[in-house]
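Take a look at the letters that make up each chain.
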Amino acid sequence: EFWLSIVKVSAIVAMILGGFGLMFYGFNADHTGFVPGIQNLWIHEGFMPNGIMGLVACLSVVVFAFGGIEIIGITAGESQDPKTSIPRAINAVPVRILLFYILTIFVLMSIFPWNQIGSQGSPFVQIFENLGIKSAATVLNIVVITAAISAINSDVFGAGRMLYGMSKHKQAPQVFQKLSRNGVPWMTVVVMAGVLLVGVVLNYLIPENVFIIIASIATFATVWVWLMILLSQVGMRRKLSKSEIKALDFPVIGWPYAPAFAIVFMLFILAMMGYFPDSRPALYVGITWLVLLWIAYTIWVKPKQNSVKEKPDLQQNIEMES
C-alpha cells in the first residue's frame, strides 16, 4: 500500500507543480481558447455559477472521496504505539485534504474555466501533454489504475478487519475468523472480491449510470459509518464521569458542539441524497441493506448475545444457592 500510494501522490504533486508552471508560462499550444490564470476562478459567470444548490448537490456525491479516514481507528489495534501514531495520523488529515483536494482543484480551475473542463479531454492529460509528456494519457491511465488498486486494498483491509472482529464477537459468520499463515483473514478477501465482481457486471449493464450510483452508495455507506461513530462517541461519553472523560487518551476538541455539528451535517447529507433524483436510488439501496442487517441481527446475533448473558447469571445463582 505504501508504494501504491507513492505512485498516486507523486502524480498529484507533479500535476500541481506542472499546473503552476502552466499558470505562469501558459500552454505550448495556441488553440486552447482561454488564458490560464487564477482569474478563471471568478470569471465565466463568477463563483458558483449554478448557485448554492449546485454546491449542495455535489455534496451527496463527493463525500465518498473522503471515506477511509475511519480506517485509522481500525489500525489502532495493530499499532505498536496507538497513543502517538493515531493522533499524528488524524492531525495529518487536514493537511492532506488541503494538498491533495483543495490545491488540486485550485490548480485545475485556475488553468481551465469550469465550463470547458472535459471539453477537450481530461484536464490532467492536457496538463502533462503541455509539459511535453507525449504519453500523458498512458501515464495517467497507469496512475488511475494504481489509485484504484490502492483504494481497493485499503477497503479490503478495513472490511476484512471489521468482519474478523465482528465474527469474534459472534456478530458475523464464524467463517470470517479463518486466517492465512500471515494472519490475514482470507475469507473476507474472497467475499470482497465477489462484491467487486458485482461492480464489473453493473458497469457492463449500465455503463452510463454506474458511476453516480456507486458513488452515491459509497457516500451513503461513508456517511452512515461516520454517523454511527459519532453517536457511539456521544453515548459513551454520557456514561462517563468528568474525571473519566479527562483521563481519556483521545480528547475531542470542541466537545460537545463539534460532534453535534458533525451529526447534523451527516443527517443533512442523507437528506440531500433523498432530495436529488440521481442519488436517491443509493438511499433506497442503503436503507434496504440496513433493514436486512437488522433482520439478520434479530434472527442470528441477538439470541446468541442473550444466551451468553444468561450463562453468567445462571452460574452466579448456582454459586449463591450452594
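Rules behind the numbers
- Residues numbered from 1 in each chain as written.
- Predicted model: local features only at pLDDT ≥ 70, side-chain atom pairs only at ≥ 80, totals over all residues.
- Heavy atoms only, no water.
- Helix = DSSP H or I, 4+ residues; strand = E, 2+ residues; numbered from the N terminus.
- Polar contact = N/O pair within 3.5 Å; in protein donor to acceptor, adjacent residues only side chain to side chain.
- Contact = heavy atoms within 4.5 Å.
- Phe/Tyr/Trp six-rings, centres within 6.5 Å; stacked < 30°, edge-to-face > 60°.
- Buried < 20%, exposed > 50% of the residue type's maximum accessible area, 1.4 Å probe, protein only.
- Core = buried A, V, L, I, M, F, W, Y, C linked by side-chain atoms within 4.5 Å.
- Axes fitted to C-alpha atoms, helices over the stretch in contact; angles between N-to-C directions.
- Parallel < 35°, antiparallel > 145°, perpendicular 65-115°, else oblique.
- Nonpolar A, V, L, I, M, F, W, Y, C, P; charged D, E, K, R; others polar.

## Considering the side chain of Asn40
Then comes step 1: If you trace the backbone, Asn40 turns up in the loop between helix H1 (2-25) and helix H2 (51-62).
Then comes step 2: In terms of polar contacts, Asn40 uses its side chain to reach the backbone carbonyl oxygen of Ser110, at 2.7 Å.
Then comes step 3: Apart from residues lying up to four places away in sequence, Asn40 is in contact with Val35, Met109, Ser110, Ile111, Phe112 and Pro113.

## Notes on the packing of aromatic side chains
Then comes step 1: All chains considered together, the criterion is met by 6 aromatic pairs.
Then comes step 2: Note on Phe2 and Trp3: the rings are 5.1 Å apart at their centroids and 80° apart in plane angle, and the pair reads as edge-to-face.
Then comes step 3: Exposure remark for Trp3: the relative accessible area of 65% places this residue in the exposed category.
Then comes step 4: Judged by centre distance (6.1 Å) and plane angle (10°), the rings of Phe220 and Trp224 are stacked.

## Regarding the nonpolar core
Then comes step 1: Ranked by internal contacts, the top residues of the largest apolar core, which has 15 residues, are Val223, Met266, Leu270 and Met273.
Then comes step 2: Counting residues per element, this core draws most heavily on helix H8 (residues 210-238), at 6 residues.
Then comes step 3: Excluding residues that lie within four positions of it along the chain, Met266 makes contacts with Val223, Trp226, Leu227 and Leu230.
Then comes step 4: If you look at the next biggest cluster of nonpolar residues, it comprises 13 residues, including Ile16, Met23, Ile111 and Phe128.

## Looking at the packing of H2 against helix H10 (residues 257-275)
Then comes step 1: In the contact formed by H2 and H10, the axes pass within 8 Å of each other and the chain directions differ by 100°. Judged on the interaxial angle alone, H10 and H2 are roughly perpendicular. Here H2 contributes Met53, Val56, Leu59 and Ser60 to the contact with H10, which in turn contributes Phe265, Phe268, Ile269, Met272, Met273 and Tyr275.
Then comes step 2: Of the residues contributing to the contact of H2 with H10, the split by class is 9 nonpolar, 1 polar and no charged.

## A short note on the environment of Gly21
Then comes step 1: Mapped onto the elements of the fold, Gly21 is located in helix H1.
Then comes step 2: Distance in space between the C-alpha atoms of Gly21 and Ile127 is 9.6 Å, their sequence separation being 106 residues.

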